[in-house]
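Reading the structure
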Amino acid sequence: MTETVDAPARPSPSTARTREGRAAPSLDGLEDRWSIRWQEDGTYAFDRSKDRADVYAIDTPPPTVSGSLHIGHVFSYTHTDLIARYQRMRGKAVFFPIGWDDNGLPTERRVQNLYGVSCDPSLPYDPDFTPPAKPDPKRPVPISRRNFVELCTRQTLEDERSYEALWRRLGLSYDWSYQYSTIGEVARATSQRAFLRNLARGEAYAAEAPSLWDVTFRTAVAQAELEDREIDGAYHRLRFTTPDGAGVDIDTTRPELLPACVALVCHPDDDRYRRLVGATVRTPVFGVSVPVHAHPLADPTKGTGIAMVCTFGDLVDVTWWRDLRLATRVVIGRDGRLLPEPPSDVDAAAYAELAGLTVTQARARMVELLRAAGALIGEPRPIRHPVKFYEKGDQPLEIVSSRQWYIRNGGRDADLRAALIEAGRQLRWVPAHMRHRYEHWVAGLTGDWLISRQRFFGVPFPLWYRLDERGEPDYEQILTPSEADLPVDPSIDVPPGFTEDQRGKPGGFVGDPDVMDTWATSSLTPLIAGGWERDPDLFARVFPMDLRPQAHEIIRTWLFATVVRTRAEFGTLPWHTADISGWVVAPGREKISKSKGNATTGPNELISRYGADAVRYWAACGRPGTDTAFDEGQMKIGRRLATKLLNASRFVLGFITDASPADGSSTGEASANGASANGASAGLSLADVTAPLDRALLTRLSDVVEEATAAFEAYDHSAALSVTESFFWEFCDDYIELVKDRAYGDGPAARSARATLATALAVQLRLFAPFLPYVTEEVWSWWRSGSVHRASWPTRDELVIDGDPEVLAAVAEALRGVRRAKSERSLSMRAEVSQAEVRGPRTALDRLEAAADDLRAAGRIADLRLVPTDGDLTVACTF
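Quick look at the overall build of the protein now. Each helix and strand counted, the protein has 24 helices and 31 strands in total. Seen through its C-alpha atoms, the protein measures out along the principal axes to roughly 110 × 65 × 55 Å. Out of the 879 residues belonging to the protein, those deemed buried represent 56%. For the protein, restricting intrachain contacts to residue pairs at least 6 apart in sequence, the fraction spanning at least 24 positions comes to 77%. Of note, the protein has its 104 positive side-chain charges centred 2 Å away from the centre of its 123 negative side-chain charges.

Next comes the structure, spelled out in structure tokens:
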């Protein structure tokens, strides 16, 4: 019977044949065995004897320590590890530290909820304090600041141990001796030193000014920490009294701020209100006279076209207040309630109706008062509108006046802003379009960087203030420590020239009560990890660093802040390249995160289910800067790949060495037969590769090496994986099947096949090593000494480059045609073919002729006929 079949698409990969009596090797247990071995052997230890030119330094993101890591962390941190492993194999001494971002509000909130406590700095320290046996976050137990900080420290240490265990299991190749935390002594000293130098140069300053304020956490927050959230609200139309008695109406979503009103504002070109500009109007209910001004930010199309300016309802109010030099009437306190006493010129009796109420309560009461006064025009009109929130907060932000510390970041200095935009253009961005996010953020800054927080678990400002004769702090007389004494805690330590008994007394001193924003510390990670002013030799070898890997949503915070700090201190960029990762998204394209509660399957569970290499494979498939779907199906593919690599390697090694273990367990040592630099074993070398098919395979592999290398150099790890994986399946499905009969034989042709198999395996193990560190190390240990992760990255020089890859393509295409014919007849792949007739162009048949014996053996073909014709290659089989 004869069938003619066009060359088909690639069939499902075949299973590698195992030696008689040998159990299949297993992926199970590789993580435990090799993670311990790597640590014992110092496989990833940084060689600090290398000159800076031979070092590749990474400014690793310190993950926030606030519970547990999720799959999004695994995704982005794996990407960085791919680059670290590649650079290490390229001969670089890779400086790959790991830190923990363990200070700040996330940690405080976790401790408050976990232990059922709250911090009250007025309480004394209790050395015998024990957290409640049954914590109740709704009724927290107040404790001293020192007790609270001790609980935070205890909890972060516990969380960090679990983080480290996961990172080791995932196979992240950190040098764990370079581990730090952002609340540790080194980080505190570095943060305080950098701040004191900012202060000395005039880059840091304190100011009493309107600040964005989170009423839940009772702390100021920075512009970079804001997010808009849509909430329900309502427009209320209020009528102000004009000099002519006609009245003027304004629309507002915040009628409770009426006692804080300081002006009305219209657009300069709005003819409706031109007559009022320069005049005064009276507020309803409270009867306060306020001026009417023109300002270009007023929107004639919004509401009635004239706006009420209050101190302060939103950031536009702050702009109008500052530009028009308006009065200040503050009514919202730091607790989110209306202050007990009214501004001096506000009717006290009317204000008493609002005093002490929450914002929501005051809004409702104010509507009642307006309605009773006949000043509410119509009923409130429901709307949905965006409101500013602190990114970690639950309540809309307020704006209160407070004394805060700032660092100049170009928000009020056009020249500095332009310089920082230019600094961003000197940075290599991966992907390149991420630079636009940086520039958009810097160009849109409206103020300097607010770095102080009214919290507890953070780096204290290293400052004290003299107290005057009344015991009030004189903020002009700042007391600072020597850099040699850092870190200091001004709530415990004493400034130079003073004694503890002068604390809080007239003529004495008081410590600054605030702590630094966590970004003020994290912005110094290159300095903290690199040993700035602590280890000058190390710092000279790693700074400026080569790489900053991070997520795109913190370009405005971590990346920009680090550029600001290092430019101020050193006049240079902190790194050469910023590699920006995307998000892991749920099926609905929503970012997976702890705060959203959609990180349902933990990383440890996934590793237990599929193996670390499979999870890494899924992560590596995600392109730089691109959001990637959480897909366990991709992890299954990764496990299948790792299993195939294990089995195919054992099969190949069966031809060239006796080192592959019979039970699939690791020997951890190279075979006595050894292996040459290019991977050939048992006395084989590249000179033995003579057969056209073998030379074609290695030439094709040389192209793969070149493509994978170029992809890694471009920080495109997914492209490097794709080209490597594609070749591997060609190698398994086509080449091994074509040459295995020849490889079992003797003579030059057999030696050619075995040398090619050995060389190709050694190269592919190294190409896969950054992605699949466990299975590649396992196979490497069967026949090579040392670690594959310390082996050199493959190059074209160790391969044949003068073969014709089309020989392999032509023979593989014909073999697929034979397989297809057998499959369609439901025959075994080992079924004999009495005759196979291959038709196609003469050039293709000439290439096929060069490997005809391998095709006959692989296809079990008794009679192979090659017939030149026009058109595509076809195969007709007779069984």
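Additional details are given in the paragraphs that follow.
Let us now look at empty space enclosed by the protein. Under the definition given, this model contains four cavities of 30 Å³ or more. For the largest cavity, the calculated volume is near 60 Å³. Around the largest cavity sit L27, L30, E31, Y610, G611, A612, D613, A614, R639, A642 and Y774, which together line it. Of all the secondary structure elements, the ones that give two or more residues to the lining of the largest cavity are α1 (30–41), α16 (612–620) and α17 (632–656). Tallied by class, the residues present in the lining of the largest cavity amount to seven nonpolar, one polar and three charged.

Here we come to the side chain of E225. Looking at the secondary structure, you find E225 in the loop between β9 (219–220) and β10 (226–240). A distance of 2.9 Å separates a polar atom in the side chain of E225 from the backbone nitrogen of A222. Those residues within four positions of E225 in sequence are excluded, and the remaining contacts are F389, Y390, E391, R453, D517, W519 and R556.

Now for the nonpolar core. Among the nonpolar cores identified, the biggest contains 128 residues, and I71, W167, L701, F731, L757 and W783 are the most heavily contacted of them. Sort the elements by how many residues they give to this core and helix α19 (residues 717–743) lands first, with 13 residues. With residues up to four places along the chain from it excluded, the contact list for L757 reads V652, F655, F731, Y735, I736, V739 and A743. Formed by 72 residues, the second largest nonpolar core is a distinct cluster that contains A204, W429, F543 and W575.

Further remarks concern helix α3 (residues 105–115). Since the α-helix advances by 3.6 residues per turn, residues separated by three or four positions end up pointing in the same direction. Residues of α3 that are buried include every one of L105, P106, T107, E108, V111, Q112 and Y115, and no others. Buried residues along α3 sit against β5 (117–119), α4 (145–170), β9 and β16 (381–390). Following α3 by one or two positions, G116 adopts a phi angle in the positive range, close to 65°.

Ordered by their spatial adjacency, four strands build an open sheet running β13-β14-β12-β15, and the pairing between neighbours is mixed. Edge strands, defined here as strands with exactly one partner in the open sheet, are β13 (280–282) and β15 (306–310). The average undirected angle you get between the axes of adjacent strands in this sheet is 35°. Sheet topology places strand β12 (residues 261–266) next to β15; five bridges connect them, and they run antiparallel. Paired with A263 across the bridge in β15 is V309. Its contacts with the sheet place helix α6 (residues 315–323) against β12 and β15, and it is angled at close to 85° to β15.

We now examine unusual backbone geometry. Between L486 and the following residue, P487, the backbone shows a cis peptide bond with an omega angle of 0°. Here P487 shows up in the loop between β22 (473–479) and β23 (509–511). The step from F543 to P544 runs through a cis peptide bond, and the omega angle for that step is -5°. Position of P544 among the secondary structure elements: in the loop between α13 (536–542) and β25 (545–551). Of note in the backbone geometry, R218 takes a positive phi value of approximately 55° without being a glycine. Take R218: it is sitting in the loop between β8 (204–214) and β9.

Right, let's get into the state of the cysteines. Between two cysteines, a covalent bond joining their sulfur atoms is known as a disulfide. Applying the stated rule across the entire model yields zero disulfides. Note on C119: no disulfide assigned, nearest cysteine sulfur contributed by C152 at a separation of 8.2 Å.

What follows is about the environment of P243. Summarising the element assignment, P243 is placed in the loop between β10 and β11 (248–252). What makes P243 exposed here is its relative accessible area of 60%. Aside from chain neighbours lying at most four places away, what touches P243 is A279, T280 and V281.

Our focus in this paragraph is the packing of aromatic side chains. Two numbers describe a pair of aromatic rings. These are the distance of the centres and the angle of the planes. Taken as a whole, this structure holds 37 aromatic pairs when the rule is applied. Centre to centre, the rings of W405 and F461 are 6.1 Å apart; their planes meet at 20°, and the pair counts as stacked. Taken together, the residues W405 in strand β17 (residues 398–407) and F461 in the loop between β20 (452–453) and β21 (464–467) connect sequence positions 56 residues apart. With respect to burial, W405 and F461 carry one shared label: buried.

Running from amino to carboxyl end, α17 crosses α19 at an angle of 25°, the nearest separation of the two axes being 11 Å. By the angle class used here, α17 and α19 are roughly parallel. Helix-helix and strand crossings are classified by hand; for α17 and α19 the assignment is left-handed. The segment α17 lies against α19, with I637, R640, L641, K644, L645, A648, F651, V652 and F655 engaging E725, F728, W729, F731, C732, I736, K740 and A743.

On to the sheet that holds strand β18 (residues 428–430), then. Reading across from one edge, β18-β26-β25 is the order of the three strands in this open sheet, with parallel pairing throughout. Sheet topology places β18 and β25 at the edges, where each strand pairs with a single neighbour. Each neighbouring strand pair of the sheet contributes to a mean axis angle of 20°, computed without reference to strand direction. Where β18 meets strand β26 (residues 575–581), three bridges bridge the pair, whose relative direction is parallel. Directly across from V430, in β26, lies its bridge partner D579.

Summarising burial for β11: five of the five residues are buried, a large majority. Residues V248, I250 and T252 of β11 are buried on one face, and the alternating residues D249 and D251, pointing to the opposite face, are buried as well. Across five bridges, β10 lies against β11 in antiparallel orientation. Across the sheet, R237 pairs through a bridge with D251, a residue of β11.

Quick look at the pairing of β21 now. In terms of strand pairing, β21 meets β22 through four bridges, oriented antiparallel. When the sheet's bridge partners are listed, Y465 is paired in β22 with I478. Connecting β21 to the next strand, β22, in antiparallel fashion are five residues, including G471 with a positive phi near 85°.

This part covers the layout of surface pockets. A volume near 1,400 Å³ is recorded for the second largest pocket. For the second largest pocket, the lining is made up of 48 residues, of which T253, R254, G313, D314 and H385 are closest to its centre. Residue assignment for the lining of the second largest pocket shows that the elements contributing at least two residues are β10, β11, β15, α6, α8 (359–373), β16 and β17. If you tally residues by element for the lining of the second largest pocket, the top one is β10, at seven residues.

In the structure shown here, the tally under the stated rule is 66 salt bridges. Of the charged contacts, one joins R254 and E398 as a salt bridge, the two residues approaching to 3.0 Å between their closest N and O atoms. Placement of the pair is R254 in the loop between β11 and β12 and E398 in strand β17, with a sequence separation of 144 residues. The same class applies to R254 as to E398, namely buried.

Moving on, we come to the confidence of the model for the protein. Taken over all residues, the pLDDT of the protein has a mean of 91, while the share at 70 or more is 94%. Of the regions scoring below 50 in pLDDT, residues 1–21 engages in 56 contacts with residues more than four places distant in sequence or in other chains. The low-confidence segment residues 659–678 (pLDDT under 50) makes 63 contacts with residues lying over four places distant or belonging to another chain.

Cut-offs used in this document
Residues numbered from 1 in each chain as written. Predicted model: local features only at pLDDT ≥ 70, side-chain atom pairs only at ≥ 80, totals over all residues. Heavy atoms only, no water. Helix = DSSP H or I, 4+ residues; strand = E, 2+ residues; numbered from the N terminus. Buried < 20%, exposed > 50% of the residue type's maximum accessible area, 1.4 Å probe, protein only. Contact = heavy atoms within 4.5 Å. Lys, Arg positive; Asp, Glu negative; His and termini not counted. Charge placed at Lys NZ, Arg CZ, Asp CG, Glu CD. 1 Å grid on protein atoms, 1.4 Å probe; cavity = no way out; pocket = protein on both sides within 12 Å on 5 of 7 lines; lining within 4 Å. Points joined across faces, edges and corners; volume = space filled by probe spheres on them. Nonpolar A, V, L, I, M, F, W, Y, C, P; charged D, E, K, R; others polar. Polar contact = N/O pair within 3.5 Å; in protein donor to acceptor, adjacent residues only side chain to side chain. Core = buried A, V, L, I, M, F, W, Y, C linked by side-chain atoms within 4.5 Å. Pairing = 2+ DSSP bridges. Axes fitted to C-alpha atoms, helices over the stretch in contact; angles between N-to-C directions. Disulfide = S-S within 2.5 Å. Phe/Tyr/Trp six-rings, centres within 6.5 Å; stacked < 30°, edge-to-face > 60°. Parallel < 35°, antiparallel > 145°, perpendicular 65-115°, else oblique. Left-handed = near helix turned anticlockwise from the far one by under 90°. Salt bridge = Lys/Arg side-chain N within 4 Å of Asp/Glu carboxyl O. pLDDT = per-residue confidence, 0-100.

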